[in-house]
Amino acid sequence: MGEIKMSNQSWQARREAAVVNGVGTLLPVFIDKASNAELWDLEGNRYIDFASGIAVLNVGHNHPKVVAAVQAQLVKFSHTCFQVTPYPGYVELAEKLNALVPGPTPKRTLFLSTGAEAVENAIKIARAHTGRSGTIAFKGGFHGRTMMGMALTGKVVPYKTGFGPFPGEVYHLPFPADYLGVTEEDALHALDLCFSADIEPSRVAAIIIEPVQGEGGFYPASPRFMQSLRKVCDQHGIVLICDEIQSGFCRTGKTFASEYLGIEPDIMTLAKSLAGGFPLSAVVGKADIMNAAKPGGLGGTYAGSPIACAAALAVLEVIEEEQLNQQALAQGEQIKAGLQRIAEHHDCIGQIRGLGAMVAMELVKARDADQPDPDLTKRLVAEAGKRGLILLSCGVRANVIRFLAPLTAPTSVIDEGLTILEKSLEAALA
């Protein structure tokens with residue numbers, strides 16, 4: 001007799017009775033299995049995945065190379081703690097990332113488990129290197145749910161509400177986004193004002209920025225703006241941290257979004273698609289900066305899990321063998337073309353933008369950028385879920401749909417997802 005699987009509804013009731021309210025759920029269906037860009041729930045319903053577990057599965061669910069690498073490592077050992085007895089996978093992966101990130105300066109790498117840990121440690125390293133304490137971040141940025149992560153994050157609801165006070169000496173600048181009426185000159189002028197009114201540059205350890213804002217709405221920073229920040233940081237001895245947790249590992253059509261910008265970051269934070277679904281994050285940066293922390297000051301019991309390192313080494317092989325950057329560019333063009341066709345019939349789509357396959361659609365009223373429509377956005381996500389398409393919303397105004405399908409998704413599955421999207425939008429507008 002086969003296994004009897006409970007319904008989504010019954011599991012949701014159990015979830016509500018056992019799990020804290022603070023962990024939200026986008027779609028109350030419980031997944032039984034997954035393959036590449038498709039999921040199936042316990043009731044046998046199929047879903048096209050345009051979320052990738054929030055940008056974690058650029059190589060798709062259960063990529064055979066990742067599965068094989070994990071299985072091979074698992075029969076050897078699952079954990080020793082790198083700080084107690086090290087293992088080759090950690091070192092090999094560090095070597096590969098040091099060579100892969102942009103810029104000619106020699107690099108060093110630290111592995112951790114989550115993106116928030118990577119951000120925390122990047123700030124620690126910047127402070128150790130500079131002997132300073134201040135940090136500058138950007139409105140709309142998202143850097144995690146730890147205390148420092150929340151302090152750096154430039155959005156209150158839902159990430160900061162009720163959790164303060166936060167670590168001090170964190171200052172937020174407007175992020176340049178032409179569609180929102182914020183120019184690069186506005187942002188750079190705000191930086192000058194911050195230096196004159198809030199904190200002198202000689203007390204700033206780091207400026208942290210997402211080359212493409214994630215939760216903030218997929219707004220990309222321009223090469224000109226990032227080069228201006230690089231110049232300011234060089235002038236004042238400030239560490240420039242590029243948070244590529246969501247934009248890294250081919251999502252934008254380059255292995256890292258920073259490669260579009262003509263700069264070399266001092267430090268990069270990486271996570272999400274680094275290890276094909278296994279918890280692993282990294283801080284990669286210039287060797288003289290990264291080595292500022294004393295032995296014992298960095299690490300963690302589970303940091304750099306041997307299983308996750310094995311998965312990440314397989315991911316790097318997939319990136320090269322399957323030419324994921326080229327796939328990302330092709331997928332991005334396919335999605336943007338599909339969205340443009342939908343936009344011809346619906347004036348609620350105010351803007352379609354994106355680098356590579358990091359694509360966003362901004363929903364507004366009557367194509368008016370000043371009238372965001374978060375209610376329609378919420379309805380669209382719900383309607384898509386009913387029809388078998390998993391979508392994610394984001395944005396400082398909660399009115400952006402972001403597209404994060406696995407880069408390995410077949411074009412036929414992407415087209416099917418876009419068809420569901422259009423039907424869902426029509427239903428949400430009805």
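Keep in mind that what you see is a predicted model, and the values were worked out from it rather than measured.

Conventions adopted
Residues numbered from 1 in each chain as written. Predicted model: local features only at pLDDT ≥ 70, side-chain atom pairs only at ≥ 80, totals over all residues. Heavy atoms only, no water. Pairing = 2+ DSSP bridges. Helix = DSSP H or I, 4+ residues; strand = E, 2+ residues; numbered from the N terminus. Axes fitted to C-alpha atoms, helices over the stretch in contact; angles between N-to-C directions. Buried < 20%, exposed > 50% of the residue type's maximum accessible area, 1.4 Å probe, protein only. Parallel < 35°, antiparallel > 145°, perpendicular 65-115°, else oblique. Left-handed = near helix turned anticlockwise from the far one by under 90°. Contact = heavy atoms within 4.5 Å. Nonpolar A, V, L, I, M, F, W, Y, C, P; charged D, E, K, R; others polar. Arc of directions from axis to C-beta.

**Here's the deal with the sheet that holds strand S8 (residues 239–243)**
If you walk across this open sheet you meet the seven strands as S4-S10-S9-S8-S7-S5-S6, and the pairing is mixed. Taken across any chain shown, the strands that pair with only one partner, and hence form the sheet edges, are strand S4 (107–112) and strand S6 (170–173). Each strand of the sheet is rotated relative to its neighbour by a mean of 20°, with strand direction disregarded. Pairing analysis gives four bridges linking strand S7 (residues 204–209) to S8, with the strands arranged parallel. When the sheet's bridge partners are listed, Ile 207 is paired in S8 with Leu 240.

**Details of unusual backbone geometry**
For the bond from Val 157 to Pro 158, the omega torsion is 0°, close enough to zero to count as cis. With respect to the helices and strands, the residue Pro 158 is situated in the loop between helix H6 (147–152) and S6. Between Gly 164 and the following residue, Pro 165, the backbone shows a cis peptide bond with an omega angle of 5°. Non-glycine residue Asn 62 carries a positive phi angle of around 55°. Residue position: Asn 62 is located in the loop between helix H2 (52–55) and helix H3 (64–74). Of note, the phi angle at Cys 250 is positive, near 80°, even though the residue is not glycine. Judged by relative accessible area, which is 0%, Cys 250 ranks as buried.

**Thoughts on the packing of helix H12 (residues 374–386) against helix H13 (residues 411–429)**
Helix packing geometry: the angle between the two helix axes and the distance between the axes. Contact pair H12 / H13: the axes reach a minimum separation of 8 Å and the direction vectors enclose 130°. With respect to H13, the element H12 is oriented oblique. Note on packing geometry: the crossing formed by H12 with H13 is right-handed. Residue-level contacts link Leu 376, Arg 379, Leu 380, Glu 383 and Ala 384 of H12 to Ile 420, Leu 421, Ser 424, Leu 425, Ala 427, Ala 428 and Leu 429 of H13.

**Description of the pairing of S4**
With five of six residues buried, S4 lies mostly within the body of the structure. Sheet topology note: the S4/strand S10 (residues 281–286) ladder contains six bridges and is antiparallel. Along S10, the bridge assignment pairs Leu 112 with Ser 281.

**Considering the packing of helix H11 (residues 324–343) against H13**
H13 packs onto H11 with a crossing angle of 25° between their chain directions and a minimal axis gap of 10 Å. One finds that H11 runs roughly parallel with respect to H13. At the point where H11 passes H13, the crossing takes the right-handed sense. Contacts between H11 and H13 involve Gln 331, Gln 334, Ile 335, Gly 338, Leu 339 and Ile 342 on the former and, on the latter, Thr 411, Ile 414, Asp 415, Leu 418, Leu 421, Glu 422 and Leu 425. Counted by class, the contact of H11 with H13 contains seven nonpolar, four polar and two charged residues.

**What about H3?**
Within the sequence span of H3, burial applies to Val 66, Ala 69, Val 70 and Gln 73. The buried residues of H3 occupy an angular sector of 95° when projected down its axis, which confines them to one face. Turned more than 90 degrees away from the buried face of H3 sit Pro 64 and Gln 71, all of them exposed.

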